[in-house]
There are 2 protein chains.
Amino acid sequence: NDDGITAPGMRNLVLAVKEMGEIVVVAPDSARSGHSNAITLEKPIILEEVKDYMEGVEAYKCSGTPVDCIKLAKSIILKDRKIDLCLSGVNHGANNTINVVYSGTMAAAMEASISGIPAIGFSILNFGWDANFDATRTYITKIVSHVLKNGMGDAHLLNVNVPDLPAEELKGIKLCRQAKNIWVNEFEERINPHNKKYYWMTGELSQVDKGTDNCQYYLNNGYVSIVPCIFDLTDYQAIPSLAQLESL
Amino acid sequence: NDDGITAPGMRNLVLAVKEMGEIVVVAPDSARSGHSNAITLEKPIILEEVKDYMEGVEAYKCSGTPVDCIKLAKSIILKDRKIDLCLSGVNHGANNTINVVYSGTMAAAMEASISGIPAIGFSILNFGWDANFDATRTYITKIVSHVLKNGMGDAHLLNVNVPDLPAEELKGIKLCRQAKNIWVNEFEERINPHNKKYYWMTGELSQVDKGTDNCQYYLNNGYVSIVPCIFDLTDYQAIPSLAQLESL
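For clarity, every value in this text was computed on a predicted model and none was experimentally measured.

Trainee: Help me out: how do you make sense of the interface of chain A and chain B in this one?
Mentor: Listed per partner, the contact involves 75 residues of chain A and 75 residues of chain B. Buried surface at the junction of chain A and chain B, summed over both partners, amounts to about 7,100 Å²; 66% is from carbon and sulfur atoms. Applying the counting criterion to the chain A and chain B interface returns six salt bridges. Residue Glu-186 of chain B pairs with Lys-71 of chain A through a salt bridge whose shortest N-O separation is 2.4 Å. The interface formed by chain A and chain B includes 30 residue pairs in polar contact (both at pLDDT 80 or more). Contributing elements (two or more residues each) for the side of chain A that touches chain B: strand E2 (47–49), helix H2 (66–77), helix H3 (99–102), helix H4 (104–114), helix H5 (134–150), strand E7 (173–175), strand E10 (197–201) and strand E12 (224–228) of chain A. Of the residues belonging to the side of chain A that touches chain B, the class tally is 43 nonpolar, 15 polar and 17 charged.

In structure tokens, the structure reads:
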């Protein structure tokens, strides 16, 4: 995840899947929200076993980013073991729409998918550490059981977001596309005691995508959204329109 | 860029386009390589004008990430001015194939494209600060002139990589897809003076994609590669294969 190894979201994810197999947890030693696919190049990375994470669960904390965690899990911790599935999260806060590109939680899942490991990122639409994960755990158990049994079809990476609602108000799962919403009003300007300006990142998600077939629409309407994601960023459709560039 | 405001790559980018319009430079105050689309949420961001960057060029340095730079440029520095084009780089080192997801330079360009600003990221296949940018500058001038005059077709974001070759050995430009290559042997394990392990990220790019239509192939063969890129990560093709998930 990107909220760190102590996050309740990660503990709830482990609880939801603990009986399905051998679980190995690798997570940042503290929060790395908004760290995206960042990797640690300019300093060394420390990896330490956490002995008391949860009974029957092997756990490690890492001084690096969420993507570093996956790379270390694959190359160092599990190098001689087969990885069936990589799960990331449960992220404290939505990772739907454009948030997917900033999220460390989704980047960790993407990193696994880049290496050919099927991966799922889970997020709940509540930033609080006191969020209620009961309904989310139920959906995680359903989705992960299904995937372990049936695979992920043609997909390599799933982005699952769960509304912050009690189980009885959740309407089910919708497969959909990423909403084309963006952040606006992103900075709050302040003045420090030495009379210099500084900026805090903040903002609102502008719901410019009015479609009824996207993650934001379904989440607003009480559904769990699942968007399959890619890491090949090629805009195949745009290639023909750029043909003149080859003759420059 | 993600190499910081003092990088020769950025200076060469500015030199290549300086006569084409009003240039505003916003870059991290030091290197942020591998920072991807990371944003700064947990601490405030400092933005300072750099008075002596280059004659006739307005320049700012920022304590945040490459993506923070673009967000601040758009919301604070240029909020009342129209932005015609966002250029990022020239990155010191390749951003082709899977590197695109880790690159702060490409993330900066992607951030502009997310807000509807056409954007181009440039990289040279040489990590050294003493790289020779002469041929790269020539291609930047050609590509940017063309785009300012003709637009970018159906594309919103271009990833341009230039081989580290003298101008006379460069064979031209190829439009292509992102190669499906991945990093292997990614860590070097060391022991600190207190007898504890630590890890440096390193690695080799495994050229598993044997296609003759991808960025790696063309770069290996002396061409400048241009890959148009997206930020909608939806794997549209995989959606039908996942239909069963909606009935869980």
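Next, the rest of the story.
Trainee: How should the confidence of the model for chain A be read in this particular structure?
Mentor: One rule of thumb: low pLDDT means the predicted coordinates there are not for detailed reading. For chain A, the average pLDDT comes to 97, and 100% of its residues sit at 70 or higher. For this predicted complex, the interface confidence reaches an ipTM of 0.95, while the overall pTM sits at 0.96.

Trainee: Please explain the sheet that holds strand E6 (residues 157–162) of chain B as it appears in this structure.
Mentor: Sheets are built from strands that pair by backbone hydrogen bonding, the pairs being arranged parallel or antiparallel. Residues and elements named next belong to chain B. Strand order in the open sheet formed by five strands is E4-E5-E6-E12-E7, with mixed pairing between adjacent strands. Strand pairing shows two members of the sheet lacking a second neighbour, strand E4 (86–92) and strand E7 (173–175), which therefore form its edges. Shown here is a sheet whose adjacent strand axes are inclined to one another by a mean of 20°, direction ignored. Pairing geometry for E4 and strand E5 (residues 119–124), over five bridges, is parallel. Within E5, the residue paired with Cys-86 across the bridge is Ala-119. Running at roughly 170° to E5, helix H4 (residues 134–150) makes contact with E4, E5, E6, E7 and strand E12 (224–228) of the sheet.

Trainee: Looking at this structure, I do not really get the relation of the copies chain A and chain B. What am I missing?
Mentor: In this structure, two copies of a chain are linked by a rotation about an axis accompanied by a shift along it. Of the two same-sequence chains, chain A is brought onto chain B (RMSD 0.0 Å, axial shift 0.0 Å) by a rotation of 180°. Between the two chains, the operation in question is that of a two-fold axis. The fraction of interface residues of chain A whose copies in chain B are also interface residues reaches 100%, indicating that both copies meet through the same surface.

Trainee: Please clarify how the packing of aromatic side chains should be interpreted in this entry.
Mentor: Here a ring pair, both rings aromatic, is described through the centre-centre distance and the interplanar angle of the planes. Residue and element names in this part refer to chain A. Summed over the entire model, instances satisfying the criterion amount to six aromatic pairs over all chains. Arranged with centres 5.5 Å apart and planes meeting at 75°, the rings of Tyr-217 and Tyr-218 form a pair that is edge-to-face. A centroid spacing of 5.8 Å and a plane angle of 85° characterise the contact between Tyr-218 and Tyr-223, whose relative ring orientation is edge-to-face. A relative accessible area of 16% places Tyr-218 in the buried class. Relative accessible area serves as the criterion here: at 21%, Tyr-223 is assigned to the partly exposed category. Grouped by ring-pair contacts, the aromatic residues Tyr-217, Tyr-218 and Tyr-223 constitute a single cluster. One Lys or Arg, Lys-174, reaches over the ring of Tyr-223 and ends 5.3 Å from the middle of that ring.

Trainee: What is the right way to read the side chain of Thr-65 of chain B from this model?
Mentor: Residue and element names in this part refer to chain B. By the element assignment, Thr-65 lies in the loop between strand E3 (58–62) and helix H2 (66–77). Residue classification places Thr-65 among the buried positions, given a relative accessible area of 5%. The contacts of Thr-65, once residues within four sequence positions are left out, are Pro-28, Arg-32, His-35, Ala-38, Ile-39 and Thr-40.

Trainee: Can you help me understand the sheet that holds E3 of chain B in this one?
Mentor: All names here are of chain B. Judged by pairing direction, the sheet is mixed, and its three strands sit side by side in the order E1-E3-E2 without closing on themselves. At either margin of the open sheet sits one strand with a lone partner, and together these are strand E1 (24–28) and strand E2 (47–49). The average undirected angle you get between the axes of adjacent strands in this sheet is 25°. The pairing of E1 with E3 spans five bridges and is parallel. Bridge pairing links Val-25 to Ala-59 in E3. In this fold H2 packs onto E1, E2 and E3, with an angle of close to 140° to the strand it touches most, E1.

Trainee: Just to check I follow, could you spell out the packing of H2 of chain B against helix H3 (residues 104–114) of chain B for this structure?
Mentor: Between two packed helices, what matters for the description is the angle formed by their axes and the separation of those axes. Residues and elements named next belong to chain B. Following both chains from N to C, one finds H2 and H3 inclined at 30°, their axes separated by 8 Å at the closest point. With respect to H3, the element H2 is oriented roughly parallel. Pair H2 / H3 crosses with right-handed handedness. Contact residues: Pro-66, Val-67, Ile-70 and Lys-71 in H2; Gly-104, Ala-107, Ala-108, Glu-111 and Ala-112 in H3. Counted by class, the contact of H2 with H3 contains six nonpolar, one polar and two charged residues.

Cut-offs and rules
Residues numbered from 1 in each chain as written. Chains lettered and ligands numbered in written order. Predicted model: local features only at pLDDT ≥ 70, side-chain atom pairs only at ≥ 80, totals over all residues. Heavy atoms only, no water. Contact = heavy atoms within 4.5 Å. Buried area = accessible area lost by both parts, 1.4 Å probe. Salt bridge = Lys/Arg side-chain N within 4 Å of Asp/Glu carboxyl O. Polar contact = N/O pair within 3.5 Å; in protein donor to acceptor, adjacent residues only side chain to side chain. Helix = DSSP H or I, 4+ residues; strand = E, 2+ residues; numbered from the N terminus. Nonpolar A, V, L, I, M, F, W, Y, C, P; charged D, E, K, R; others polar. pLDDT = per-residue confidence, 0-100. Pairing = 2+ DSSP bridges. Axes fitted to C-alpha atoms, helices over the stretch in contact; angles between N-to-C directions. Least-squares fit on C-alpha atoms with pLDDT ≥ 70 in both. Phe/Tyr/Trp six-rings, centres within 6.5 Å; stacked < 30°, edge-to-face > 60°. Buried < 20%, exposed > 50% of the residue type's maximum accessible area, 1.4 Å probe, protein only. Lys NZ or Arg CZ within 6 Å of the ring centre and 35° of its normal. Parallel < 35°, antiparallel > 145°, perpendicular 65-115°, else oblique. Left-handed = near helix turned anticlockwise from the far one by under 90°.

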